[in-house]
Every structure is written in structure tokens, then in C-alpha cells.
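What follows is the residue order along each chain.
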Amino acid sequence: MDVSELIKKEGLRRGLSPRTIKTYRYCVGRFLNHYKKDINKITKKDVKDYMDKLIEKKNAGNTLNVNLNSIKFLIENILGKRLLYNIKYSKVPKTLPTVLTKEEIIRLFDNIKNSKHKLSAELMYSSGLRVNELVNLKVMDFEFEKNYGWVRNGKGNKDRLFIVAKRLNERLQEFIKENKLSYESYLFKGNKRDHISKETINMIIKTAAKKAGIKKRVHCHTLRHSFATHLIEDGYGVSDVQSLLGHKSPETTMVYVHMASPKMINIKSPLDSL
């Protein structure tokens, strides 16, 4: 029985994203390699013991949930059995994500001289886009007259709305005209492929951060973290930010409340009221 191939076929049949299928195949492969036993003899205790070992190794909540979901997919959808093991592990990160201040964001953009690259970085920050979502944007995904656009087949294979900053609206339309992009064209084309690569965008961000003298560890997702934190600081609620980020749970978004500056969100120490 080629378990990996069965997971791929069943995943495609159920409409799972290629990334999710790849993750499931990897996690299940590690699980089966750990026990080296007949797949039909896997028990609930085997699953529990395996998860306990992952916990002992101090894996994060997200990692634990991904492994459990992968094993459940194997047992319930490939083997046709019921697992009856539904523990959810905390997704709260052990360390808070890196966030740039608004001043650092300005410095970072000022150090990107290529206009196309600068526009891509500004759009990623201003809309809270993941780098994969950015590079896959097409002209048809924008509703410029309404200042928003659509992420198609984003994380979880779902569509979601994103805001377009008014300051970028006209520049984006000019960029499309100057580059003679068709309605179905990728917004940011690459040299040897349909669209610019994630690696190129990440290198642009890292290089600009270094030139700007920013000592923090900066990468593409740092701009998304900064977008969310700055929205919280500007007074927007968790539910508003959650929908723009495409998070399933408000708990995932709550981390940005912890990142926001107490001064910016008008929180006063109780000592000041004594």
C-alpha cells in the first residue's frame, strides 16, 4: 500500500491545497516510520503516545495540531476508521513575532530603489498579504474603484478580501498601464517565469532592512505582522483584523494585541490612577 500516493489522491479529491497535501504526506510518513508496523494495526494508543513524544520535544501548538490532523486524515479517510481523539493544542506562540515600528517601515521602503520592487513591498505591508498571495495576484483580482482586491485560493484554499491603500491605488493602475499588463496577467511578473518568485521578494525585504540599519530579523511575513499590529494600534478591533488576515480563530489574531504599543492603544498603568 503506497500510503503517500493514497493521501495525495484523496486530498485532491477533497479539494485540499497542494501545500496541505504535502504536509500531510510528510507528517504521516514520519508517524509510520516511527512505529514500523502494519498500518492496519495502528491504535488510538499509538497516536496518543506519538503525540506525547512530540509534546516532550517541546513542539509548538501549531505543529502538534498539524501532526494530529495528518494522522486523523490517514486513519479516517484512508483506512476508513474512527480515531476518537480530538484534543486541540494551544496555538499561542512561545515567542512573539517580530514587528517593525511605523518609522522602521518608512526606512525600509526608502531603501528599495527599484520602483517595481518597492511597490510590491508597499502592497504586501499595506494589505497584510502573505508573500505567496502577493506573487500570485493578477490584474483581475483588483476592484480599484472600491479600494479592495481578492486573494484567490489563499491559505486553506479560500478566497478573501484585502484592502488597497488609497495612496497605492493610482500608482498600481499606472504600473499596470505602463507595463501593458492584460486583465489576466500576474501583477508582478518574473524574468523566467509567470510571476516574480517568493525568494526574490524575500531577498528584496532582507536587503532593504539591512541597508536601513534595522537590527531585527526581518522577512516578508514581518510586514504582515506589522500590518496587523499597526491596525490594532490605530484602534481597529480584533474581529476587523481577523477578517483581513484570513484567520479562522480570533485567538490567532489576539497575538497582535500583545504586540501593540500600550501608549498607542491608550492603555494606562493602574499606578497612574492611584
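Peer 1: Sorry, what's going on with the nonpolar core here?
Peer 2: In globular proteins that are soluble, nonpolar side chains generally tend to be buried together. Core analysis: the biggest nonpolar cluster contains 48 residues, and Leu-108, Leu-123, Leu-187 and Ile-201 have the highest contact counts within it. Only helix 5 (102-110), helix 6 (115-127), helix 7 (131-135), helix 8 (166-178), helix 9 (198-211), helix 10 (220-233) and helix 11 (238-245) provide two or more residues apiece to this core. Here this core gets 6 residues from one element, more than from any other, and that element is helix 10. Discounting residues that sit within four places of it in the chain, Leu-123 has contacts with Gly-128, Leu-129, Leu-134, Leu-137, Phe-142, Leu-168, Leu-172, Leu-187 and Phe-188. Ile-42, Met-51, Leu-54 and Ile-71 belong to the second-largest nonpolar core, a separate cluster that totals 11 residues.

Peer 1: How should the pattern of salt bridges be read in this particular structure?
Peer 2: Side chains carrying opposite charge are able to pair once their charged atoms draw close together. Tallied over the entire structure, the rule returns 12 salt bridges. As a salt-bridge pair, Glu-10 and Arg-13 come within 2.7 Å of each other at their nearest N and O atoms. Taken together, the positions of Glu-10 and Arg-13, both in helix 1 (residues 3-13) and 3 residues apart, correspond to about one turn of that helix. By relative accessible area, Glu-10 is classed as buried at 13%. Note on Arg-13: relative accessible area 60%, which makes it exposed. In this structure, the salt-bridge partner of Lys-216 is Glu-104, at a minimum N-O distance of 2.8 Å.

Peer 1: What am I meant to see in the environment of Trp-150 here?
Peer 2: Mapped onto the secondary structure, Trp-150 falls in strand 2 (residues 148-151). By relative accessible area, which is 26% here, Trp-150 ends up partly exposed. Separated by 12 residues in the primary sequence, Trp-150 and Lys-138 place their C-alpha atoms 9.4 Å from one another. Look past the residues within four positions of Trp-150 in its chain and what remains in contact with it is Leu-137, Asp-141, Glu-143, Arg-160, Leu-161 and Phe-162.

Cut-offs applied
- Along every chain, residues carry numbers that run from 1 in the direction the sequence is written.
- Residue-level local features of this predicted model are given only where pLDDT is at least 70; pairs of side-chain atoms are given and counted only at 80 or more, and the full residue set underlies all totals for whole chains, interfaces and linings.
- Computation of side-chain values covers all heavy atoms of the structure but excludes hydrogens and water.
- Side-chain atoms within 4.5 Å link the members of a nonpolar core, which is a set of buried Ala, Val, Leu, Ile, Met, Phe, Trp, Tyr and Cys residues.
- For each residue, the accessible area found with a 1.4 Å probe, counting protein chains only, is set against the maximum for its type, and the residue is called buried under 20%, exposed over 50%, and partly exposed in between.
- Helix and strand assignments follow DSSP, with helices taken as H or I runs no shorter than four residues and strands as E runs no shorter than two, numbered in order from the N terminus.
- What makes two residues a contact is simply this: any of their non-hydrogen atoms within 4.5 Å.
- The term salt bridge refers to a pairing of a side-chain nitrogen on Lys or Arg with a carboxyl oxygen on Asp or Glu at a separation within 4 Å.

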